[in-house]
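Remarks on the overall topology
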Amino acid sequence: MKAIRLFAFLLVLLGLGQAQAQLNIEIIGGAGKQFPIAIVPFRNENTLPLSVSQVVRDDLARSGVFRMVDTTGVSPLPSEPSEINYPDWRSRAADAIVIGAVRPVANGRLEISFRVMDALKQTQVTALSVTKSTAELRAAAHQIADAIYEALTGAKGVFSTRIVYVVKQGRRYDLQVSDADGFGAQTVLSSNEPLMSPTWSPDGTHVAYVSFENKRPIVVTQNLSTGTRRVVAQFRGNNSAPTWSPDGKSLAVALSRDSISQLYLLSASGGEPVRLTNSGSIDTEPIFSPDGKWIAFVSDRGGSPQIYRIPVTGGDAQRLTFNGSYNVSPDWSADGKNITFIQRESGKFRVAILELDTNQTQVLTDSSLDESPSFAPNGRLIMYATQVGGRGVLAVVSADGRWKYRLTNSVTGDIREPAWGPLPKN
Amino acid sequence: MKRIALSTLLIAVLAACSSTPMKEAAPVKVEDKSPKAAAPAPTAPQAAPATQASAGETNPLKDPKNILSKRSVYFDLDEYVVRDEFKPMVQAHARYLTQNASAHMTVQGNTDERGSREYNLALGQRRADAVKKAMTILGAGDKQIETVSFGEEKAKCTQSEEFCWSQNRRADIVYQGD
């Protein structure tokens, strides 16, 4: 369904399935076709506190799209196109070779330049140089991995994105933001009452979430750089399920102030909500379509929780899910074509994907307590919460279900409710 | 916190175990009773005659022999219908509210931990609302009953198994002053 657009001249090999643990990433599996690529250690990077090429390798391997070709024994290591021994790389079955070098520039900054070479045609696919401080080496590596990913697959890389999630430790709830690979986690809010349903503003500057700090759920937005919090909905009853409109100007929320949980729209700065649904049934978990014209949501108006959509301007709801008696927690892919959600089947809660054009549903996971699926901004991966050994962890599955990994970072306690942030602005 | 305090209290009361029958609708004002005052409750079997309305120990809400001390309504999976077995208890609380106009309660809806947290929040609200509706139909005042949902966020039982899940699919009645 989501075949990777590889360049026609490159051989597509059957991957052997990588199983090695990489830092905090546990790759669970996958098969499928993987693109063999050699990332040669960058010249002079052994003087840095961090191996940039290793972070690039980890990023690309984690995507499931690439298979890393072993570079041990290659001598000398090439950093210029003229230094590449192509027959050697072909014998290692590499279809692409990445070479690079680090050099100090003014103000203690570093220039990292790299090239992606086609091992068959012996031509350059792309080249770029990134200038960063020593403290920003991980960010530089993610930016390089993004450029390689985009050059070879045609899709945007998501290695420079961030995620937000909730960690529950004992009675404490932490709202944390980290890089998409789990590094650099920062607690942006701690509470002794539950925190729920974090979600990103489209520009990545704010998160919205549900807090029980007043003993009942209210909706709060928070500026991530200043920490400024704003209560945008604290009406009678429950205030929950916030989601931003694509233009960032409004929020859709679920409120029970007039009856049971119904959908409302309100300005991102708060104010008087406008009621969107009037169903007499539970309506919750709204999510905007990327074009801003629709809202998908969960309703039990048909007798069981199912996913529907309704025009943002109001009107009749159209049912989208029909398989099974429990389909919840929709998230819309950035291209508008797919909705991922949680489907219950025989008591097991699993990540599923619905292709809207064809109405085809595919279950992507084989676990039993999955929650909160969230699309990567390129639509290729879905992050979700699941249970391993009775503990909540974050996991990722590709949109075709073939590739899986878990984020098993050092945080103790239950990790839950991931939301994948937008692409950074360049 | 409140729930823990309440169960501790009930255990204390159970340990003291009065055999004296209580009037269900003893005219006791809930707000007159602080938990501290009610906690020592009956220390001897004869300590709490039903007519002794002035003493803390006659509070029917705290008497383990009284159906009003039962505070939890349990629900089937995905459901928010009050099962028949809980109707006598709900009716007793409705009667208490109609006979004690100053009494107020909060019904707290809960769900098991599985599935969508947001849907569970809404489902917990439905469960709390179902208990409230059952009481207001019987004459309890709309303003006497507040409902709130904790969804799956405040699970009483934390094992991932059916027994716990069934314990967590629950609405709790908490009186003001409990």
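Calculation notes
- Residues numbered from 1 in each chain as written.
- Chains lettered and ligands numbered in written order.
- Predicted model: local features only at pLDDT ≥ 70, side-chain atom pairs only at ≥ 80, totals over all residues.
- Helix = DSSP H or I, 4+ residues; strand = E, 2+ residues; numbered from the N terminus.
- Rg over C-alpha atoms; globule rule 2.2 N^0.38 Å.
- Buried ≥ 20, exposed ≤ 12 C-beta atoms within 10 Å, placed from the backbone.
- Contact = placed C-beta atoms within 7 Å.
- Domains from an automatic or database assignment.
- Axes fitted to C-alpha atoms, helices over the stretch in contact; angles between N-to-C directions.
- Parallel < 35°, antiparallel > 145°, perpendicular 65-115°, else oblique.
- Left-handed = near helix turned anticlockwise from the far one by under 90°.
- Expected span 1.5 Å × (residues − 1).
- Pairing = 2+ DSSP bridges.

1. Notes on the overall build of chain A
Counting secondary structure elements, chain A contains 3 helices and 31 strands. Against the 2.2 N^0.38 benchmark of 22 Å for 426 residues, chain A shows a C-alpha radius of gyration of 23 Å, consistent with a compact globule. Dimensions along the principal axes, computed over C-alpha positions, put chain A at roughly 70 × 50 × 40 Å. Considering chain A as a whole, with its 426 residues, one finds that 49% of them fall into the buried category. For chain A, the proportion of contacts with a sequence separation of at least 24, taken over those separated by at least 6, is 45%.

2. Observations regarding the domain arrangement of chain A
Domain boundaries in chain A define domain 1 (13–153) and domain 2 (162–420). Placing the centre of domain 1 of chain A and that of domain 2 of chain A at their C-alpha centroids yields a distance of 34 Å.

3. Observations regarding the interface of chain B and chain A
Tallying the contact residues gives 16 residues for chain B and 27 residues for chain A. Of all elements in the fold, only α4 (117–137) and β3 (145–151) of chain B reach the threshold of two or more residues within the side of chain B that touches chain A. At 9 residues, α4 of chain B tops the list of elements feeding residues into the side of chain B that touches chain A.

4. Remarks on the packing of helix α1 (residues 52–62) of chain A against helix α3 (residues 137–153) of chain A
Residues and elements named next belong to chain A. Relative orientation of the contacting elements α1 and α3 amounts to 50°, with a least axis distance of 8 Å. The pairing of α1 with α3 is recorded here as oblique in orientation. Considering how the two elements wind past one another, α1 and α3 form a crossing that is right-handed. Along its contact with α1, which presents Val52, Val55, Val56, Asp59 and Leu60, the element α3 presents Leu137, Arg138, Ala140, Ala141, His142, Ile144, Ala145, Ile148 and Tyr149.

5. Details of helix α3 (residues 87–99) of chain B
All names here are of chain B. Given a rise of 1.5 Å per residue, 13 residues ought to cover 18 Å, and the 18 Å separating the end C-alpha atoms of α3 matches this to within 8%. Among all positions in α3, only Val90, Ala92, His93, Ala94, Tyr96 and Leu97 are buried. Looking at the buried side of α3, the elements it contacts are β1 (72–74), α4 and β4 (170–175).

6. Some points on the sheet that holds strand β31 (residues 414–420) of chain A
Residue and element names in this part refer to chain A. One open sheet holds the 4 strands; their spatial order is β10-β9-β8-β31, and the pairing between them is antiparallel. Each edge of the sheet is formed by a strand with only one pairing partner; in this case those strands are β10 (186–191) and β31. When strand polarity is set aside, the average angle formed by the axes of neighbouring strands in this sheet is 20°. Relative to β31, strand β8 (residues 162–169) runs antiparallel, the two being bridged by 5 bridges. Residue pairing for β31: Val167 is matched across the bridge by Ile415.

7. Observations concerning the pairing of strand β29 (residues 391–398) of chain A
Both faces of the sheet carry side chains from a regular strand, because those side chains alternate between them. Residue and element names in this part refer to chain A. For strand β28 (residues 381–388) and β29, the ladder comprises 8 bridges, and the chain directions are antiparallel. Across the sheet, residue Val388 finds its bridge partner in β29, namely Arg391. Connecting β28 to the antiparallel partner β29 that follows it, the hairpin turn spans 2 residues, and Gly389 within it adopts a positive phi of roughly 60°. The antiparallel hairpin formed by β29 and strand β30 (residues 403–407) contains 4 residues in its connecting segment, where Gly401 sits at a positive phi of about 80°.

8. Looking at the sheet that holds strand β26 (residues 360–363) of chain A
Residues and elements named next belong to chain A. Read from one edge to the other, the open sheet built from 4 strands follows the order β23-β24-β25-β26, with strand pairing classed as antiparallel. Since the sheet does not close on itself, it has two edges, and those belong to β23 (327–332) and β26, each with one partner. Pairs of neighbouring strands in the sheet enclose a mean axial angle of 25°, with direction left out of account. Note that strand β25 (residues 348–355) and β26 share 4 bridges and pair antiparallel. When the bridges of β26 are listed, Glu355 appears paired with Gln360.

9. Things to note about α3 of chain A
Residues and elements named next belong to chain A. With 17 residues, α3 should reach 24 Å at 1.5 Å per residue; the first-to-last C-alpha distance of 24 Å fits that figure. Of all 17 residues in α3, 12 are buried; the element is thus mostly enclosed. Looking only at α3, the buried set comprises Leu137, Ala140, Ala141, His142, Gln143, Ile144, Ala145, Asp146, Ala147, Ile148, Tyr149 and Leu152. On the buried face of α3, the contacting elements are β3 (33–39), α1, β5 (96–104), β6 (110–118) and β7 (123–132). Of the residues flanking the end of α3, it is Gly154, one or two places downstream, whose phi is positive at about 85°.

10. Details of unusual backbone geometry
Residue and element names in this part refer to chain A. In the segment running from Ser75 into Pro76, the intervening peptide bond is cis, with an omega of -5°. Its location among the elements puts Pro76 in the loop between β4 (66–68) and α2 (86–91). Here Gln122, not a glycine, exhibits a phi torsion of approximately 55°, which is positive. Residue placement: Gln122 occurs in the loop between β6 and β7.

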